[in-house]
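Secondary and tertiary structure notes
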Amino acid sequence: MPPKKKQKTCEPQWESQDGDDWNAYPAEDSAMLEKEYQNLMASKSKAKKLFSTTKLSFNKGYDTQYEFDFGAMTQKNCDSKTVRKIRRVASDDDADAGNDASKDSSSSTDKDYQWSWKDDNGLFAPFYDEDNDFIEKAYQNDKTAIFKTTGLSFNAKHKTPYEFDFAKMTQFNTESGNTRTLQRGAKAKAWDTTGYGIKDKSTPPVAAAAAAASGADSGGKSDLSPPDYWTPRKADVDLVPIDLKSKEATDVLKSFHATIKRKVTVHSLTRIQNHALWPFYALTRKSLADKYKGDPNEKMLFHGARVRANMDAITNFGFDMRVAATGLYGVGIYFAVNASYSDSGYVFQNTDKSKEMFICRVTCGKHVPGNSALRRPPPKDPKVPTGELYDSVTDTGKTPIMHIVFNNAQAYPEYILKYT
């Protein structure tokens, strides 16, 4: 016996605009509009989606003709000629109905698209998979609807009603009054790692020449040698678990706890000892240190990758500019000053809802605010475009919250943090 389909417990609600307010039609009127809407939208006719009636409950005794245009989403009083905007407000149950229908379809549309919201810095932060699929199902169910929900995962404890206007591509928080711009685009995919990062590069000759230039001491230590706290080498890339009660963990996680802006539980901290990658970073850091009298302006910053394969690529091969396509402050590699920024939608989320974030060493040198046209840092003297360049760029705020580099070797992914 086939399983019973989930019963739809709540029909979409129709509303009309009166000034700045939206007023719900009485239940019987809303049900009538929904029925006519479904019939007309299912029709393959190219004619306007018009419905006329005198049977609205508030119209009893008057017999005024009202015309509804479901294409323009308007209601017209045929006597007074008054036109009001109307909207169809979908419910969580309406989205669930779309979920059930999609299970019988071979289409993977909802899996192919990524929904994002524009943050206060003008960047689009992706919704995580559960919320992303939920929003996409509602969108597929009715692309013109106002979708109301309290069912977003990040909202589980608050139950704040959010309204998604798919026509205007906005998200509205009904409690705070904040409106965010939405974006629907292609979902992030695993990178093609052919020739990625340091893969297939000849590290030993580079390291040897640089070590000689940097003056290794009698013990074989140089500016390019791994940090003293690294454990003895066992493989090309050693992933070393760090005791969360150790001083190293306390020091590394200090900025994370100070900037995450929510209560978290740290499950593990893993040090990445990439013996082929480290010399490239160390050489770049030394070069900038020599340039700026010993201060390369090295920072510990946060970075996320939404796809597991891309996290593995960064761990094994480092960062690679070639996978950068766009950027508000330049086409480069972005790092956040605040853990809360990466946490908002940029880090990998496991099926158990735990997240993983990189904590990276980034040599910033001298920096300047960037712009979307940049593919390298701008010249220090705008009058000499072929002259010396800045070393990195930042966002345009007075106190930078992100740093962007254009050189793979200016960043090293030193730790992977797992938390909920």
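Relevant structure appears above.
An account of the accompanying structure is given in this report. (Residues numbered from 1 in each chain as written. Predicted model: local features only at pLDDT ≥ 70, side-chain atom pairs only at ≥ 80, totals over all residues. Heavy atoms only, no water.)

Applying the stated rule across the entire model yields 23 salt bridges. Its salt-bridge partner being D343, residue R262 comes within 2.9 Å of it at the nearest N-O pair. Placement of the pair is R262 in the loop between α6 (247-259) and β14 (266-274) and D343 in helix α9 (residues 339-343), with a sequence separation of 81 residues. Residues joined in a network through salt bridges with shared partners are E15, R87, K148 and E163. (Salt bridge = Lys/Arg side-chain N within 4 Å of Asp/Glu carboxyl O. Helix = DSSP H or I, 4+ residues; strand = E, 2+ residues; numbered from the N terminus.)

In this section: helix α4 (residues 129-141). For an α-helix, 3.6 residues make a turn, and residues three or four places apart therefore share a direction. With 13 residues, α4 extends 18 Å from end C-alpha to end C-alpha; this agrees with the ideal 18 Å at 1.5 Å per step. Here α4 has its buried residues at D131, N132, D133, F134, I135, E136, K137, A138 and Y139. (Expected span 1.5 Å × (residues − 1). Buried < 20%, exposed > 50% of the residue type's maximum accessible area, 1.4 Å probe, protein only.)

Our next topic: the pairing of strand β10 (residues 162-165). For a regular strand, side chains alternate in direction, first toward one face of the sheet and then toward the other. Neither face of β10 is exposed, since Y162 and F164 on one face and E163 and D165 on the opposite face are all buried. Relative to β10, strand β9 (residues 146-149) runs antiparallel, the two being bridged by 4 bridges. Considered in β10, the bridge of T149 is made with Y162. As paired elements, β10 and strand β11 (residues 170-173) share 4 bridges and run antiparallel to each other. Bridged to D165 within β11 is T170. (Pairing = 2+ DSSP bridges.)

Another aspect to go through is α6. Given a rise of 1.5 Å per residue, 13 residues ought to cover 18 Å, and the 19 Å separating the end C-alpha atoms of α6 matches this to within 8%. The largest bend along α6 measures about 40° and falls at L253. Taken together, the buried positions of α6 are A249, V252, L253, F256 and T259. Contacts from the buried residues of α6 go to β14, β15 (298-303), α9, β18 (355-363) and β22 (411-419). (Bend = angle between axes of the 7 residues up to and from the residue. Contact = heavy atoms within 4.5 Å.)

Tracing the chain through its elements places N173 in strand β11. Judged by relative accessible area, N173 falls into the buried class, the value being 13%. Within the structure, the side chain of N173 is placed 2.9 Å from the backbone nitrogen of E175, a separation counted as a polar contact. When sequence neighbours within four positions are dropped, the list of residues in contact with N173 reads T160, P161, Y162 and N178. (Polar contact = N/O pair within 3.5 Å; in protein donor to acceptor, adjacent residues only side chain to side chain.)

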